[in-house]
Amino acid sequence: MSPETPPQVQTLACPNCGAPLTVRSMGRAVTIVCGHCHSILDAKDPQLKILQRFEAATGGESPLIPLGSRGKWRGALYEAIGFQVRSMEADGLTYSWREYLLFNPYKGFRYLTEYNGHWNDCSVTTALPEADGIGARYLGKKYKHFQTCTAHTTFVLGEFPWQVRVDDAVEVTDYVAPPYVLSSETAGSETTWTLGEYVHGADIWKAFGLPGIAPAPMGVYENQPSALKASAGQTWFACAGLATAIFVIFTVNQLFSQQAQVFREAYSFSPSSTEASFVTPEFELKGRTSSVEVRTDADVSNQWIYLDYALIDEDTGQAYDFGREVTYYSGVDSDGNWQEGSQHDRVTLPSIPPGRYYLRIEPESDSSLGIIGYTVTVTRDVPVLGVYFLALAAILLPALLISWRTYNFEQMRWAESDHPMKSVGGGE
């Protein structure tokens, strides 16, 4: 018989109700569950001894993978021969999941488990994992403890290579390292370890030729892999590269910028003056089209001054209008010394062409404040830091957004565990 030949089946009759029974695992079955009356039978007994009657089997479920379904899975032809529903209780709620037993006469048994549309492909481990309750290690891979619970069998159908009964209870401990989950099941003194890998329902439907589409998964499962986690790492790597490029460009620009002072003059302003507007002497902006910084230093103390500026090209008449306020206050109150504002202000005008320019200045202030002295300084070709900060913000925003979504994904995962994550607001 070739590996692709379907396994042979044997037909028997249920001693409880007389319904026909189909045995698919070729003598490896230990118990068989009648699909009609749900009696659990001893497959090793020639008379099919009844191990457990389940006459009131009204809460049963129809398996999504019908027993007898065959499909090529993990490179071999498997047949679904057993189905059971298990449940656990937590915080007064009951959670149920479904397990499908697959059989291949050459590969043996493996399992598909399903909870809320999340599927795992499971098989018994080939070596004994190391576990300490906090974590586990298997074949060199580390796993984190997710939860420990008592699972009860609530419904069974088909055949199994172990004795199964409704209301059987085992202690289940899960350790996760997405997309893998390492599970131990302990009943009495016997412990069985299985390794599961997260798989998509669509792949199972395709492999077994099931009608319709697989149920959509709900929520985040314990070993569900996060595509965002890989994206976050890649995004931060790209951000690091782009940030380095921005730093290099800034450094080169800083080194080759002229930063040449082309005008500096001190003035005084009397708020009582009727004609305060004036123009400065001309000054030349040389070189390429670049930035111009206008700095204002004012002798204000518990005073303010507002200056309406216009940088004007003498040849073309092109004017660049802007206004700046310099204000500084200080004092003492019940909390001690305080101060507000600054006596210095600067503004950078980007992309000013070369040529001969002058400033038109019109100062304003409160008439009761007296004469205010101030100095105006014009510097050519000054690096515009704001552009670099905007560029950094633009590349950091996607990385921060993906990282936040990744954190939320992990928070949803661990919310169902024995070790729920705290929220950021909770001070994790």
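Within any chain, residue numbers begin from 1 and follow the written order of that chain's sequence. Per-residue local features are limited, in this predicted model, to residues with pLDDT of at least 70; the limit for side-chain atom pairs, both in listing and counting, is 80 or more; totals at the level of whole chains, interfaces and linings are taken over all residues. Water and hydrogen atoms play no part in the side-chain values, which are based on all heavy atoms of the structure.

1. Considerations on the overall build of the protein
Within the protein, the secondary structure is distributed over three helices and 26 strands. When each of the 428 residues of the protein is scored for burial, the buried share is 42%. Across the protein, every contact between residues at least 6 apart in sequence was considered, and the portion connecting residues at least 24 apart equals 63%. On the protein, roughly 22,900 Å² of surface is accessible, and the fraction owed to carbon and sulfur atoms is 54%. Strands are runs of DSSP state E lasting at least two residues, helices are runs of H or I lasting at least four, and both sets are numbered from the N terminus onward. Note on classification: 1.4 Å probe, protein chains only; a residue is buried when its accessible area is under 20% of the maximum for its type, exposed when over 50%, partly exposed between these limits. Only heavy atoms enter the contact rule, under which two residues are in contact if any of them lie within 4.5 Å. Each accessible area value is a Shrake-Rupley result obtained with a 1.4 Å probe; residue values ignore everything except the protein chains displayed when judging cover.

2. Re the sheet that holds strand 17 (residues 260-269)
Paired strands are those between which DSSP finds at least two bridges. With antiparallel pairing, the four strands of this open sheet are ordered in space as 17-26-20-24. A single partner strand is all that each edge strand has here, and the edge strands are strand 17 and strand 24 (344-352). Between one strand axis and the next, the sheet turns through 15° on average, direction left out of account. Here strand 20 (residues 290-298) runs beside strand 26 (residues 372-380); their pairing, made up of seven bridges, is antiparallel. Looking at the pairing, Glu 293 lines up with Thr 379 of strand 26. Helix axes are fitted to C-alpha atoms over the stretch in contact, other axes to C-alpha atoms as well, and angles between N-to-C directions run from 0 to 180 degrees.

3. Description of the confidence of the model for the protein
Across the protein, the average pLDDT comes to 86, with 88% of residues at or above 70. A low-confidence stretch, residues 424-428 stays under pLDDT 50, and its non-local contacts, those more than four residues away or across chains, total six contacts. Confidence of the predictor in every single residue is expressed as pLDDT, which spans 0 to 100.

4. Topic: the nonpolar core
Counting 27 residues, the largest nonpolar core has Ile 305 and Tyr 374 as the members making the most contacts within it. Breaking this core down by element, the ones donating at least two residues are strand 17, strand 19 (283-285), strand 20, strand 21 (303-313), strand 22 (319-333), strand 24, strand 25 (355-364) and strand 26. Other than its neighbours up to four places away in sequence, Ile 305 contacts Phe 269, Ala 298, Val 300, Arg 324, Glu 325, Val 326, Pro 363, Glu 364, Ser 365, Ile 372 and Tyr 374. Residues belong to a common nonpolar core when they are buried Ala, Val, Leu, Ile, Met, Phe, Trp, Tyr or Cys residues joined through side-chain atoms within 4.5 Å.

5. Looking at the pattern of salt bridges
Throughout this description, the term salt bridge denotes a Lys or Arg side-chain nitrogen within 4 Å of a carboxyl oxygen of Asp or Glu. In the structure shown here, the tally under the stated rule is 16 salt bridges. Residue Glu 197 pairs with Arg 74 through a salt bridge whose shortest N-O separation is 3.3 Å. Placement of Glu 197 in strand 16 (residues 190-199) and of Arg 74 in the loop between strand 6 (70-73) and strand 7 (76-90) is noted, with a sequence separation of 123 residues between them. Arg 86 is paired through a salt bridge with Glu 99; the nearest N and O atoms lie 3.4 Å apart. Remark: Glu 99 occurs in strand 8 (residues 93-104) and Arg 86 occurs in strand 7; sequence separation between them is 13 residues. Residues Arg 86 and Glu 99 agree in their burial class; the two are buried. The network of salt bridges with shared partners includes Arg 74, Arg 110, Asp 121 and Glu 197.

6. Quick notes on helix 3 (residues 385-414)
Under the convention used throughout, the expected extent of a helix is 1.5 Å for every residue step, that is, one less than its residue count. With 30 residues, helix 3 extends 42 Å from end C-alpha to end C-alpha; this agrees with the ideal 44 Å at 1.5 Å per step. Given a residue, its bend is the angle between the two axes fitted to the seven residues that end at it and to the seven that start from it. Along helix 3, the largest kink reaches about 30° and is centred on Leu 396; proline Pro 398 follows within four residues of it. Listing the buried residues of helix 3 in full gives Tyr 388, Ile 395, Ala 399, Ile 402, Thr 406, Tyr 407, Phe 409, Glu 410, Gln 411, Arg 413 and Trp 414.

7. Let's talk about a negative patch on the surface
Put simply, a patch holds well-exposed residues, over 30% relative accessible area, that have no salt bridge, with like charges counted together within 9 Å and Val, Leu, Ile, Met, Phe, Trp or Tyr side chains within 5 Å. As used throughout, the charge tally considers Lys and Arg to be positive and Asp and Glu to be negative, leaving His and the chain termini uncounted. Charged side chains are reduced to one point each, which is NZ for Lys, CZ for Arg, CG for Asp and CD for Glu. Together, Glu 275, Asp 308, Glu 362 and Glu 364 make up a region of like negative charge exposed at the surface. You can see Asp 308 is positioned in strand 21.

8. Some words on the pairing of strand 26
Counting buried residues in strand 26 gives nine out of nine residues, a clear majority hidden from the surface. Here strand 26 shows no split at all, with Ile 372, Tyr 374, Val 376, Val 378 and Arg 380 on one side and Gly 373, Thr 375, Thr 377 and Thr 379 on the other all buried. Pairing between strand 17 and strand 26: nine bridges, direction antiparallel. Considered in strand 26, the bridge of Ala 260 is made with Arg 380.

9. Some details on helix 1 (residues 201-208)
Within the sequence span of helix 1, burial applies to Gly 201, Ile 204, Trp 205 and Phe 208. Taken down its axis, helix 1 places every buried residue within 100° of arc, on the same side. The outward face of helix 1, more than 90 degrees from its buried face, is lined by the exposed residues Ala 202 and Lys 206. The secondary structure elements touched by the buried residues of helix 1 are strand 6, strand 7, strand 8, strand 9 (108-115), strand 10 (118-124) and strand 16. Note that the arc is computed from the directions linking the helix axis to the C-beta atoms.

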